[in-house]
Amino acid sequence: MKKILLILLCLPMIGFGQKTFVPDDDFEQFLINEGYDNVLDDSVQTSAIDTISTLYIGFFISNISDLTGLEDFTLLKTLTIGANLNLTSLDVSQNTLLEYLNCSGNNIASLDISANLALNYLDCSYNQLTSLDLRNGNNVNMDINLFSNPLLNCIDVDNVNWSNSNWTMMSIDAHHYFSNDCNTINDIYDASKNNKLIQVIDVFGRQQIHAELNLLMFHIYENGVIHKNIIIKSY
């Protein structure tokens with residue numbers, strides 16, 4: 001009985017002592033500046049961060065390159081990452097309550113928000129994305145800004161037709177296009193020189209024969225690829 005009692009008394013102490021690994025000194029220094037930590041030792045008390053719902057990373061810090069440790073911000077709903085951190089990767093797969101994500105102005109190469117079922121806003125503009133998976137089952141409730149990602153072509157989405165109709169040219173670059181499975185469609189897209197154009201339609205589904213200025217049109221190819229095009233007159 002005494003041994004059992006001793007074990008029970010020790011359990012809260014074990015839980016209280018749990019730490020989160022934070023290898024990036026600049027990220028940990030940011031957490032120290034915010035009052036979530038006090039010693040630069042590559043770790044923070046998990047209990048100090050696992051109840052935080054809003055986080056702006058980058059205040060007075062400009063060199064963060066690794067956000068390992070972010071996974072233990074389990075109640076995080078709003079995440080803003082300051083521009084110009086030289087940040088190349090971002091993993092928010094464990095932040096499943098996330099509703100708002102702004103990571104614009106960095107060098108992020110890939111992003112997968114398929115585990116973020118509550119996300120309703122994403123700004124990942126001005127990055128170096130080459131792959132982006134938005135298939136979280138909640139696209140119909142999402143606003144996005146992916147403008148100025150020159151290396152990105154295909155974007156994985158819940159529903160291609162809905163995305164084409166609701167995410168406009170102000171949200172994405174002209175060369176971006178949507179797919180239910182970019183791993184498959186990329187192979188087709190790379191062979192675009194063999195594509196046969198079968199139809200050109202406007203946003204209302206009306207067939208277009210002649211190109212018109214300032215009109216968003218969809219070029220539909222025989223192999224299933226859909227290109228967005230708009231011709232703007234310059235003065």
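So, here's what we can say about the structure. Within each chain, residues carry numbers counting from 1 in the order of the written sequence. Predicted model: local features are reported for residues with pLDDT of at least 70 only, side-chain atom pairs are reported and counted for 80 or more only, and whole-chain, interface and lining totals are derived from all residues. To get the side-chain values, take all heavy atoms of the structure and skip hydrogens and water.

## Some words on the overall build of the protein chain
(1) Moving on: Secondary structure elements are defined from DSSP: runs of H or I of at least 4 residues count as helices, runs of E of at least 2 residues count as strands, and each element is numbered from the N terminus. When its secondary structure is counted, the protein chain shows 4 helices and 14 strands.
(2) Moving on: Accessibility here uses a 1.4 Å probe with only protein chains present; expressed as a share of the type maximum, an area under 20% marks a residue as buried, one over 50% as exposed, and anything in between as partly exposed. Among the 235 residues that make up the protein chain, the fraction classed as buried is 40%.
(3) Moving on: Two residues qualify as a contact provided that any one of their heavy atoms is within 4.5 Å of a heavy atom in the partner residue. Residue pairs in contact within the protein chain that sit at least 24 positions apart in sequence constitute 29% of those at least 6 positions apart.
(4) Moving on: When the accessible surface of the protein chain is split by element, carbon and sulfur atoms take 54% of a total near 13000 Å². Areas reported as accessible are Shrake-Rupley estimates using a 1.4 Å probe. Residue values count occlusion only from the protein chains shown.

## Thoughts on the packing of aromatic side chains
(1) Moving on: A pair of aromatic rings is counted whenever rings of Phe, Tyr or Trp (Trp by its six-membered ring) have centres within 6.5 Å, and the orientation is called stacked for planes under 30 degrees apart, edge-to-face for over 60 and tilted otherwise. Applying the stated criterion across every chain, the model contains 5 aromatic pairs.
(2) Moving on: Ring geometry for F27 versus F30: centroids 6.4 Å apart, planes at 15 degrees, classification stacked. On the criterion of helical spacing, the pair formed by F27 and F30 is a turn pair, its members being 3 residues apart in helix α2 (residues 25–33). Comparing F27 with F30, the two get one shared label, buried.
(3) Moving on: Seen from their ring centres, W167 and F178 are 5.8 Å apart, and the 50 degrees between their planes marks the pair as tilted. Of this pair, W167 sits in the loop between α3 (160–166) and β11 (177–179) while F178 sits in strand β11, and the two are 11 residues apart along the sequence. Exposure class is identical for W167 and F178. Each is buried.
(4) Moving on: Chaining the aromatic ring pairs together yields one cluster made of W162, W167 and F178.

## Observations regarding the state of the cysteines
(1) Moving on: For this text, the term disulfide refers to a pair of cysteine sulfurs within 2.5 Å. Counted by the stated rule, this structure contains 1 disulfide.
(2) Moving on: Left unpaired, C103 is separated from the closest cysteine sulfur, that of C124, by 3.1 Å.
(3) Moving on: Residue C103 is classed as buried on the basis of its relative accessible area, which comes to 0%.
(4) Moving on: You can call C124 buried: its relative accessible area is 0%.

## Looking at the pattern of salt bridges
(1) Moving on: Here, a salt bridge means any Lys or Arg side-chain nitrogen found within 4 Å of an Asp or Glu carboxyl oxygen. Considering all chains together, one arrives at 2 salt bridges under this definition.
(2) Moving on: Taking the shortest distance from any N to any O, the salt bridge between R135 and D133 comes out at 2.9 Å.
(3) Moving on: Residue classification places D133 among the buried positions, given a relative accessible area of 13%.
(4) Moving on: Across the salt bridge formed by R135 and D156, the nearest N and O atoms sit 3.7 Å from each other. Separated by 21 residues along the polypeptide, R135 in the loop between β8 (131–133) and β9 (143–145) and D156 in strand β10 (residues 154–156) bring together distant segments of the chain.
(5) Moving on: Classification of D156 by relative accessible area gives buried; the value is 9%.
(6) Moving on: Members of the salt-bridge network, linked through shared partners, are D133, R135 and D156.

## Thoughts on α2
(1) Moving on: Within the span of α2, buried status applies to F27, E28, F30 and L31. Angularly, the buried residues of α2 cover 150 degrees about the axis, an arc narrow enough to put them on a single face.
(2) Moving on: Of the surrounding elements, those touching the buried residues of α2 are β2 (43–45) and β3 (54–57).
(3) Moving on: The backbone nitrogen of D26 has a side-chain oxygen 2.9 Å away, supplied by the residue at the start of α2, namely D24.
(4) Moving on: Directly beyond the C-terminal end of α2, a positive phi value near 90 degrees is found at G35. The arc in question is traced by the directions running from the helix axis to the C-beta atoms. For this analysis, a polar contact is any N or O atom pair within 3.5 Å, provided that within protein one partner can donate a hydrogen and the other can accept it, and provided that sequence-adjacent residues contribute only side-chain to side-chain pairs.

## A closer look at the environment of Y121
(1) Moving on: Along the polypeptide, Y121 turns up in strand β7 (residues 121–123).
(2) Moving on: Other than its neighbours up to four places away in sequence, Y121 contacts E99, Y100, L101 and D143.

## Some remarks on the nonpolar core
(1) Moving on: Buried Ala, Val, Leu, Ile, Met, Phe, Trp, Tyr and Cys residues that are joined via side-chain atoms within 4.5 Å together make up what is termed a nonpolar core. If you look at the biggest cluster of nonpolar residues, it comprises 43 residues, and the most contacted ones within it are I57, L70, L79, L90, L101 and L122.
(2) Moving on: Sorting the residues of this core by element identifies α2, β3 and β4 (78–81) as the ones contributing at least two each.
(3) Moving on: Setting aside its immediate chain neighbours within four residues, L122 contacts L101, L111, L134, M142, D143, I144, N145 and L146.
(4) Moving on: Judged by nonpolar contacts, the second largest core, of 5 residues, contains M169, L216, F218 and I220.

## Details of the side chain of N136
(1) Moving on: In this fold, N136 is placed in the loop between β8 and β9.
(2) Moving on: A relative accessible area of 5% means that N136 is categorised as buried.
(3) Moving on: Looking at N136, its side chain comes within polar contact range of the main-chain oxygen of N116, at 2.9 Å.
(4) Moving on: A distance of 3.0 Å separates polar atoms of two side chains, one belonging to N136 and the other to N139.
(5) Moving on: Apart from the residues within four sequence positions on either side, N136 is in contact with I113, S114, N116, L117, L119, M142 and D158.

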